Amino acid sequence: MKKNIGKIIILLLVIIIIGAAAVFAIKILNNREKNNEIIDTGKEQNQPIPEVKKVQIVDEDSKTRPYAVMINNIKTVWGYQCGLQDAYIVYEIIDSRIPYSSKIVDIDNYIKDKPRLLIMTKYDLCDKEETNKWIKYYEEKGYKVITVDLINKNETKKIISATDEMMKEINQKREEKGLKKRRTRALIVGIPNVGKSTLINRLVGKKAVNVGNRPGVTKNLDWIRINNNLELLDTPGILWPKFDDEKVAFNLASLTAIKEEVIPTNEVAFYILKTLEEKYPNILKERYDLDYVDDDFYEALEIIGRKRGCLMRGGIVDDEKVYTIIINDIKDGLIKNITFDRREEYES
């Protein structure tokens, strides 16, 4: 009996030791994964990973800080992973409220001579008078521009019709050679949170891809059948590795194209209010009961915080809640008829 008890004790000790070793091994693996931070681009493990860098932007007071971790090698992502070589048409998606800031830098270097539709989403939320100036600008540069609001399902018919028209010439040449018509393959590109996934779901007529009003929702790359004549390839939102214009960075942050933790929320909220003060003082007054925004931000926070009930114990305004409210008002489309990019500010 004593011998059996001894064997049981030894067996239990062996099990405990093995379990502890397994836990230790798992912790080591997790630490390695954390130390090797990469951007998930949907690649297979044997594919090269694009270089990741921190972006530095200099404030007016000359303080430098990291603003974002972004993909540096766009050509690798598009050329090898996104199927650009297999696409006949490119759908380039931009936000109607920031028609300049949301356009990918140097995209023409990668798309080159492929037929392209420039699709302006969230047109129902923009200041149409200002956005229409950008539409005219892009059309004068040779773009085929289509505006959609992503709410009205009939809006997507404009995209299908324009796509069919662009494919006519290609298919006519094939028919002359005795070849069959090609099924259209369109590649969708754009920065995070411009409505790429929502647009696909509207085109399909059902939920084909994940949708979220935050950057980084699209992870995988799959061709999606829209109808017998059209297939789409959605791609992860892409940002360039360096912002030459700080205004562009804040415009992107204001419309949550950049993750909220990248640029301090107090700075984003302050930028939104100052932009409204400059360009839309009537909205600033109607939405927040503010006639102006003081440079130290204190009075504006007090007024908004008390009006919206963002109070802590002792009646102190919870600044963080106020920042979140201001950012969410833009993100959730509660503030309409705004366009932060102005054509005259980027004359070229």
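Parameters and conventions
- Along each chain, residues carry numbers from 1 onward, in the same order as the chain's sequence is written.
- Two thresholds apply to this predicted model, a pLDDT of at least 70 for residue-level local features and 80 or more for giving and counting side-chain atom pairs, whereas whole-chain, interface and lining totals are computed over all residues.
- Heavy atoms from the whole structure form the basis of all side-chain values; hydrogens and water molecules are not counted.
- Secondary structure follows DSSP: runs of H or I at least 4 residues long count as helices, runs of E at least 2 residues long count as strands, and numbering of each begins at the N terminus.
- Each residue is placed in one exposure class: buried if its accessible area under a 1.4 Å probe, protein chains only, is under 20% of its type's maximum, exposed if it is over 50%, and partly exposed if it falls in between.
- At least two DSSP bridges between two strands are required for those strands to pair.
- The definition of a nonpolar core used throughout is a set of buried Ala, Val, Leu, Ile, Met, Phe, Trp, Tyr and Cys residues joined through side-chain atoms within 4.5 Å.
- When checking whether two residues touch, look at their non-hydrogen atoms; a contact exists if any pair is within 4.5 Å.
- For salt bridges, the criterion is a side-chain nitrogen of Lys or Arg within 4 Å of an Asp or Glu carboxyl oxygen.
- Here, expected helix span is obtained from the residue count minus one, scaled by 1.5 Å.
- Two rings from Phe, Tyr or Trp (for Trp, the six-membered ring) form a pair when their centres sit within 6.5 Å of each other. Planes less than 30 degrees apart are called stacked, planes more than 60 degrees apart edge-to-face, and all others tilted.
- Only Lys NZ and Arg CZ are tested; either one counts as a charge over a ring when it is within 6 Å of the ring centre and within 35 degrees of the ring normal.
- As a per-residue measure, pLDDT tells how confident the predictor is, with possible values from 0 to 100.
- Think of a polar contact as two N or O atoms within 3.5 Å of one another; within protein, one of them needs to be a possible hydrogen donor and the other a possible acceptor, and neighboring residues in sequence only count if both atoms come from side chains.
- In this analysis the probe radius is 1.4 Å and the grid spacing 1 Å, with only protein atoms considered; a cavity is a set of points the probe fits into but cannot get out of, a pocket is an open set with protein on both sides within 12 Å along at least five of seven lines, and lining residues have an atom within 4 Å of a point.
- Grid points are joined across faces, edges and corners, and a volume is the space filled by probe spheres set on the points.
- When residues are grouped by polarity, Ala, Val, Leu, Ile, Met, Phe, Trp, Tyr, Cys and Pro land in nonpolar, Asp, Glu, Lys and Arg in charged, and all others, Gly among them, in polar.
- For helices, the fitted line uses only the C-alpha atoms of the stretch in contact; every axis is such a line through C-alpha atoms, and the angle between N-to-C directions lies from 0 to 180 degrees.

**Brief notes about the environment of I170**
So, point 1. Note that I170 resides in helix α5 (residues 156–176).
So, point 2. Exposure remark for I170: the relative accessible area of 24% places this residue in the partly exposed category.
So, point 3. On a C-alpha basis, the gap between I170 and Y88 in space is 9.2 Å, while along the polypeptide they are 82 residues apart.

**Some points on the pairing of strand β4 (residues 116–121)**
So, point 1. Counted residue by residue, β4 has six buried out of six residues, so it is predominantly covered.
So, point 2. A two-sided burial pattern is seen for β4, the buried positions comprising R116, L118 and M120 on one face and L117, I119 and T121 on the other.
So, point 3. Note: strand β3 (residues 89–95) against β4, six bridges, orientation parallel. Counterpart to I93 in the pairing with β4 is I119.

**What to know about the nonpolar core**
Soluble, globular proteins show a tendency: their nonpolar side chains are buried together.
So, point 1. Counting 80 residues, the largest nonpolar core has Y91, L273 and L276 as its most contacted members.
So, point 2. Non-local contacts of L276, meaning those with residues more than four positions away in its chain, are made with P281, I283, L284, Y288, I335, I338 and F340.

**Quick word on the pattern of salt bridges**
So, point 1. Following the criterion strictly, the structure yields 23 salt bridges and no others.
So, point 2. When the shortest N-O distance is used, the salt bridge between K274 and D295 registers 3.7 Å. Pair noted here: K274 is in helix α8 (residues 265–279) and D295 is in the loop between α9 (281–288) and α10 (298–307), with a separation of 21 residues, a long-range link.
So, point 3. Note that D291 and K285 form a salt bridge whose closest N and O atoms lie 3.4 Å from each other.
So, point 4. Accessibility expressed as a relative area gives 58% for D291, which makes it exposed.

**Here's the deal with α10**
So, point 1. Taken residue by residue, α10 has A300, L301, E302, I304 and G305 as its buried positions.
So, point 2. Looking at the buried positions of α10, the neighbouring elements they touch are α8, α9 and α11 (319–331).
So, point 3. After α10 finishes, the residue G309 shows a positive phi value of roughly 75°.

**Observations concerning α11**
So, point 1. Under the 1.5 Å per step criterion, the end-to-end length of α11 is 18 Å for 13 residues, consistent within 8% with the ideal 18 Å.
So, point 2. Taken together, the buried positions of α11 are occupied by V322, Y323, I325, I326, I327, D329 and I330.
So, point 3. For α11, the elements touching its buried residues are α7 (246–254), α8, α9 and α10.
So, point 4. Where α11 terminates, the next one or two residues include G333, which has phi positive at roughly 75°.

**Section: the packing of aromatic side chains**
So, point 1. Evaluated as defined, the whole model comprises 11 aromatic pairs.
So, point 2. Ring centres 5.6 Å apart and planes at 90° place the aromatic pair W134 and Y137 in the edge-to-face group. Linking W134 with Y137, this pair stays in helix α4 (residues 128–140), spanning three residues, or about one helical turn.
So, point 3. Chaining the aromatic ring pairs together yields one cluster made of Y100, W134, Y137, Y138, Y143 and Y346.
So, point 4. Positioned over the ring face of Y137 is R343, at 3.8 Å from the centre of the ring.

**Looking at the confidence of the model for the chain**
So, point 1. Here the chain shows a mean pLDDT of 77. Residues at 70 or above account for 71%.
So, point 2. Ranking the elements of the chain by mean pLDDT puts strand β1 (residues 52–58) last with 33 and α4 first with 97.
So, point 3. Residue range residues 209–219 is modelled with pLDDT below 50. Its contacts to residues more than four positions away, or to other chains, number 32 contacts.

**Structural notes on the side chain of K279**
So, point 1. On the secondary structure map, K279 appears in helix α8.
So, point 2. Engagement of the side chain of K279 in a polar contact is seen with the side chain of E345, the distance being 3.4 Å.
So, point 3. With residues near it in sequence (within four places) discarded, K279 still touches T339, F340, R342 and E345.

**Focus on empty space enclosed by the protein**
So, point 1. Going through the model one piece at a time under the given rule, you end up with two cavities of 30 Å³ or more.
So, point 2. Reported here for the largest cavity is a volume of approximately 40 Å³.
So, point 3. What lines the largest cavity is A253, T256, I258, K259, E260, I263, V268 and I327.
So, point 4. Broken down by class, the residue content of the lining of the largest cavity amounts to five nonpolar, one polar and two charged.
So, point 5. A volume near 30 Å³ is recorded for the second largest cavity.
So, point 6. As for the second largest cavity, its lining consists of D95, I98, S102, I191, P192, N193, V194, L255 and A257.
So, point 7. In terms of residue class, the lining of the second largest cavity is built from six nonpolar, two polar and one charged.

**Observations regarding the sheet that holds strand β6 (residues 184–189)**
So, point 1. Spatial ordering of the open sheet is given by β5-β4-β3-β6-β8-β7, a layout of six strands whose pairing is mixed. Each edge of the open sheet carries a strand with a single partner, namely β5 (144–147) and β7 (223–227). The mean angle between the axes of side-by-side strands here comes to 30°, regardless of whether they run parallel or antiparallel.
So, point 2. Pairing of β3 with β6 involves four bridges; the strand directions are parallel. Residue pairing for β6: I89 is matched across the bridge by A186.
So, point 3. Packed onto the sheet, α4 meets β3, β4 and β5 and runs at close to 175° relative to β4.
So, point 4. Against the sheet, helix α6 (residues 196–204) makes contact with β3, β4, β6, β7 and β8 (230–233), and its axis sits at roughly 40° relative to β7, the strand it touches most.

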